[in-house]
Amino acid sequence: MVRRLAAAITLTLSFSPAVARAAGSELAELAERTKPSVVLLTVEDATGRKVGTGTGFFVSPDGRIVTNHHVVDGAAKVTATLSDGSKLAILGRLGDDEDRDIAILKADGAGLSALSLGDSSGVAPGDEVVVIGSPLGLSGTLTVGIVSAKRERGVGKEIDRASELESWGLQITAAISPGSSGSPIMTRRGEVVAVAVGTLNQSQSLNFGIPIEVVKGMLEKLGPAPPVIPFESDPDQDVLRNLSISAAVIAGLVAVVALWSFLDARRSRPKARRGN
């Protein structure tokens with residue numbers, strides 16, 4: 001019994017480096033294949049100031065991009081940067097679900113590389129998952145972990161939070177950070193099973209994704225040719241801009257009235273006449 005166990009241990013150890021190399025090669029291939037489908041989203045406000053970044057991924061060749069609602073909430077302009085450094089303008093939203101924190105955007109492009117959508121019900125705790133995103137704006141960052149738990153009702157009620165966390169249905173250990181929001185959570189086969197959404201503060205490896213079924217349901221409702229809803233300016237910025245315009249108009253009117261009064265006063269003055 002001892003000899004068999006020793007032999008088994010020796011055999012396992014001898015194969016471990018080969019297994020590790022194979023696993024690494026598989027991940028490298030997955031990253032190479034899927035990175036062209038994942039984009040860095042840069043968000044600007046109405047003044048053109050950069051206000052944040054996030055991640056999105058193509059789900060169709062015609063430029064439909066999935067991300068989180070909170071990534072583009074209040075955006076006046078969004079730009080997608082591809083893995084090769086090229087940029088695409090985002091024309092607007094095709095769909096938006098604030099409660100479940102998913103937005104579907106339309107990029108100005110065609111013939112784009114799209115990811116395959118899987119089924120979150122097909123994964124279980126312990127299954128390996130891979131995330132590719134742009135944490136802190138660092139495009140093409142790959143992290144690996146496992147599914148920690150599946151939570152049909154999210155985590156809002158369990159941690160005494162409001163219902164905005166009810167869509168956080170897939171708990172994973174793969175690292176995500178600010179800027180990772182909207183990243184695809186994939187299986188080793190490259191099928192997207194969830195959309196990275198956030199982490200719980202003061203914790204370790206408590207990271208979450210929104211099951212891909214939410215996205216699939218939204219895409220199905222959109223149909224083949226949905227209208228594009230342009231981004232709206234930030235209401236606060238609109239108020240400031242309108243006040244500035246109003247102030248400029250009033251100042252202009254005051255200047256015109258003052259000039260008219262000055263000219264009229266000059267015309268009203270008696271003119272000196274030379275005597276005969």
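A.B. asks: Got a sec to walk through the pairing of strand β1 (residues 38-44)? Specific residues and values, please.
C.D. replies: Side chains on a regular strand alternate between the two faces of the sheet. In terms of burial, β1 is a largely internal element, seven of the seven residues being buried. Inspection of the sheet shows β1 paired to strand β2 (residues 50-58) by seven bridges, in the antiparallel sense. Counterpart to Thr42 in the pairing with β2 is Thr53. If you look at the hairpin formed by β1 and β2, you'll find five residues sitting between the two strands, and Gly48 has a positive phi there, around 85°. Where β1 lies against strand β4 (residues 77-81), five bridges are found, and the strand directions are antiparallel. The residue bridging Leu41 from the neighbouring strand is Ala80, located in β4.

A.B. asks: Break down the sheet that holds strand β6 (residues 102-107) for me, with residues and values.
C.D. replies: Taken in spatial order, the six strands close into a barrel running β1-β2-β3-β6-β5-β4, and their pairing is antiparallel. Strand-to-strand twist in this sheet, taken as the mean axis angle between neighbours without regard to direction, amounts to 40°. By the bridge criterion, two bridges tie β2 to strand β3 (residues 64-67) in an arrangement that is antiparallel. Opposite Phe57, over in β3, you have Val66 as the bridge partner.

A.B. asks: Could you give an account of helix α3 (residues 212-222), with specific residues and numbers?
C.D. replies: Of the positions making up α3, those classed as buried are Ile212, Val214, Val215, Met218, Leu219 and Leu222. An end-on view of α3 places all buried positions within 150° of arc, on one side of the element. For α3, exposure combined with an orientation more than 90 degrees from the buried face picks out Glu220 and Lys221. Tucked into the core, α3 has its buried residues touching β3, β5 (87-97), β6, β7 (116-117), β12 (191-199) and β13 (207-211).

A.B. asks: Break down unusual backbone geometry for me, citing the residues and quoting the values.
C.D. replies: Within the chain, Asp101 stands out as a residue other than glycine whose phi angle is a positive 60°. The class for Asp101 is buried, based on a relative accessible area of 11%. Its identity is not glycine, yet Leu136 carries a phi of approximately 55°, on the positive side. Here Leu136 lies in the loop between β8 (128-133) and β9 (141-150).

A.B. asks: Explain the nonpolar core to me, using residue names and the numbers behind them.
C.D. replies: Among the nonpolar cores identified, the biggest contains 26 residues, and Phe57, Val66, Ile102, Ile104, Trp168, Val195 and Val215 are the most heavily contacted of them. Elements that contribute at least two residues to this core include exactly β6, β12, β13 and α3. In terms of residue count, the dominant contributor to this core is α3 (six residues). In this structure Val66 touches Thr55, Gly56, Phe57, Val59, Ala103, Ile104, Gly182, Val195 and Val215, once residues within four positions along its chain are discounted. With 18 residues, the next largest nonpolar core counts Ala75, Ala80, Leu105 and Ala107 among its residues.

A.B. asks: Any chance you could break down the side chain of Ser167 for me, citing the residues and the numbers?
C.D. replies: Summarising the element assignment, Ser167 is placed in the loop between β9 and β10 (170-172). Look at Ser167 and you get buried, because its relative accessible area is 10%. In terms of polar contacts, Ser167 uses its side chain to reach the backbone carbonyl oxygen of Arg100, at 3.4 Å. The contacts of Ser167, once residues within four sequence positions are left out, are Asp99, Arg100, Gly209, Ile210 and Pro211.

A.B. asks: Outline the confidence of the model for the chain, listing residues and values.
C.D. replies: In this model, the chain carries a mean pLDDT of 82, and residues with pLDDT of at least 70 account for 72%. The low-confidence segment residues 233-246, where pLDDT is below 50, has nine contacts with residues more than four positions distant or belonging to other chains. In the model, residues 269-276 has pLDDT below 50 throughout and makes zero contacts with residues more than four positions away in sequence or in other chains.

A.B. asks: Now, about the environment of Asp101: what can you tell me, with residues and values included?
C.D. replies: Tracing the backbone through its elements, the reader meets Asp101 in the loop between β5 and β6. Between the C-alpha atom of Asp101 and that of Glu166, which follows or precedes it by 65 residues, the distance is 10.0 Å. Apart from the residues within four sequence positions on either side, Asp101 is in contact with Thr67, Asn68, His69, His70, Val197 and Ile210. Among the polar contacts listed, one links the side chain of Asp101 to the backbone nitrogen of His69, at a separation of 2.9 Å.

What counts as what
Residues numbered from 1 in each chain as written. Predicted model: local features only at pLDDT ≥ 70, side-chain atom pairs only at ≥ 80, totals over all residues. Heavy atoms only, no water. Buried < 20%, exposed > 50% of the residue type's maximum accessible area, 1.4 Å probe, protein only. Helix = DSSP H or I, 4+ residues; strand = E, 2+ residues; numbered from the N terminus. Pairing = 2+ DSSP bridges. Axes fitted to C-alpha atoms, helices over the stretch in contact; angles between N-to-C directions. Arc of directions from axis to C-beta. Contact = heavy atoms within 4.5 Å. Core = buried A, V, L, I, M, F, W, Y, C linked by side-chain atoms within 4.5 Å. Polar contact = N/O pair within 3.5 Å; in protein donor to acceptor, adjacent residues only side chain to side chain. pLDDT = per-residue confidence, 0-100.

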